[in-house]
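Examination of the molecular architecture
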Amino acid sequence: MSSTVKAVILVGGQGTRLRPLTCNTPKSMVPVLNIPFLEHVLRNLKAHDITDIILAQHHLPAPMLQYFGDGARFGVHLTYVMEDSPRGSAGAVKNAEKYLKNTFLVLNGDIFHNRDFTDMLAFHRRNHAKATIDLAPVEDPTIYGMVDTDEQCRVKRFIEKPKREDVTTNLINAGTWIIEPEVLQRILPDVKCSFEREIFPSLIHDGEPLYAYPSYRYWMDMGTPEKYLQLHRDLLDDKCEGYPSDRNVIKGKNCRIHPTAKLSGKIVLGDNCTVAAGAKITGPVVLGSGCRIGRRVVIEDSVLWDNVKVRARAVLRSSVIANDCAIGAEVYLRDAVLGDHIRLPTGSKPETGVRLFPEEMSGNT
Ligand code: GTP
């Protein structure tokens, strides 16, 4: 039987830092190892028997509804709640209040992790907490929300993006919270409001039991293209428990790889990919379905989405290429991020780190 604990996933953000990848694709639908990011989150919740899930939407809602429907195909039950204007983390949850009568989880829809929700819920209940914040260690807490606790893990201070001199711990708010429904009374309806900046500090101020649950499991906020690529490196490098890959090359259906093509390192190929003679693919590399890799192409440390064509002798290093792009022969890309449908003409060598937005560049390939 599934648990009575529901989860709200915040999936309404614009994902501006992940552009151009998020120009047509909501951040939560960006593929991770060839399946939408959100599908990984649903699988993780389901593994902990949390199957009643609310998606708090605003920006680009349609692709999620289209792909996940009512959730039955994924063994969960999904409810979609829409904001007419972005309400921030607390405002978005307030908008779903009528579904939240018991203890519930809130998850950011852009943080990849394999948290032990069962253990976190037990921790929350043991402490009779009004809210529990999942903590993760980071190298630089100044770009996150730092959380200071006492020895019993009760939260003393909550500082969003602390100044360097205020840093006292490397543990930060990791974007998963357990909340009691009465906390929602603190949030005004129909206004923008943040748990991190307003509601959690107000709980501390009023002496309410706010606890922190430190976890040292894998965690990655995939909010930028650099982190998105790092997430793939980590998953393929077995850094996240639950994502073991005992085979170096994982192939989808109907892939055709020329016998003189060299594939080494960890590589994931979607369905119907072709790799031509003399191509050299060195993992970590992910190719979406329908990718066509030409003769003597070199691809290293990169993620390609669906239906990307790479013509002969092009070189792609540490790059992310979105759907339906066509990379001309002898193109050289390094640290590049291309949105959907970009066509790069033969021989073009955009500067290192280029970001190309849909319809920004065209040519014959
Ligand atoms: P950036 O524009 O790059 O900062 O990304 P973002 O818009 O996704 O913002 P941020 O990374 O702070 O969001 C964290 C999570 O909350 C993401 O999963 C967002 O989709 C989600 N989110 C952010 N703002 C809102 C909002 O106003 N409403 C809802 N429903 N979700 C939101």
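Scroll up a little and you will see the structure.
In short, a report on the structure. Only a predicted model underlies this, so the values are computations on that prediction, with no experimental measurement involved.

This part covers the overall build of the protein chain. Along its length, the protein chain carries 6 helices and 29 strands. Expected size for 365 residues packed as a compact globule is a radius of gyration near 21 Å; at 22 Å, the protein chain falls within 12% of this value. Projecting the C-alpha coordinates of the protein chain onto the three principal axes gives extents of approximately 65 × 50 × 40 Å. Within the protein chain, contacts between residues separated by at least 24 positions form 50% of all contacts whose residues are at least 6 apart in sequence. Of the roughly 16100 Å² of accessible surface on the protein chain, a fraction of 47% belongs to carbon and sulfur atoms. Here the protein chain carries 46 positive and 44 negative side-chain charges, and the mean point of each set is 7 Å from the other.

Here the focus is the sheet that holds strand β28 (residues 343-344). Here 6 strands make up an open sheet; going across it, the order is β15-β18-β20-β22-β25-β28 and the pairing parallel. The sheet is open, and its two borders are formed by β15 (256-257) and β28, each paired with just one other strand. Across 2 bridges, strand β25 (residues 326-327) lies against β28 in parallel orientation. Bridge pairing links A326 to R343 in β28.

The next point concerns the environment of G223. Tracing the chain through its elements places G223 in the loop between β13 (219-221) and α6 (225-236). What makes G223 buried here is its relative accessible area of 1%. For the pair G223 and R19, spaced 204 residues apart in sequence, the C-alpha separation works out to 9.6 Å. Setting aside chain neighbours within four positions, we find G223 in contact with R17, L18 and K27.

The next thing to look at is the packing of aromatic side chains. Per the counting criterion, the structure on display carries 12 aromatic pairs. Plain terms: the ring middles of Y144 and W219 are 5.8 Å apart, the flat faces sit at 65 degrees to each other, and that makes the pair edge-to-face. Highlighted residues: Y144 in the loop between β8 (131-137) and β9 (145-149) and W219 in strand β13, separated in sequence by 75 residues. In this structure, Y144 and W219 share a single accessibility class: buried. Taken together, F158, W177, F195 and F200 form an aromatic cluster joined through their ring pairs. Lying over the aromatic face of Y67, R73 brings its terminal NZ or CZ to 5.3 Å of the ring centre.

Rules used throughout
- Residues numbered from 1 in each chain as written.
- Predicted model: local features only at pLDDT ≥ 70, side-chain atom pairs only at ≥ 80, totals over all residues.
- Heavy atoms only, no water.
- Helix = DSSP H or I, 4+ residues; strand = E, 2+ residues; numbered from the N terminus.
- Rg over C-alpha atoms; globule rule 2.2 N^0.38 Å.
- Contact = heavy atoms within 4.5 Å.
- Areas by Shrake-Rupley, 256 points an atom, 1.4 Å probe, with all protein chains shown as cover.
- Lys, Arg positive; Asp, Glu negative; His and termini not counted.
- Charge placed at Lys NZ, Arg CZ, Asp CG, Glu CD.
- Pairing = 2+ DSSP bridges.
- Buried < 20%, exposed > 50% of the residue type's maximum accessible area, 1.4 Å probe, protein only.
- Phe/Tyr/Trp six-rings, centres within 6.5 Å; stacked < 30°, edge-to-face > 60°.
- Lys NZ or Arg CZ within 6 Å of the ring centre and 35° of its normal.

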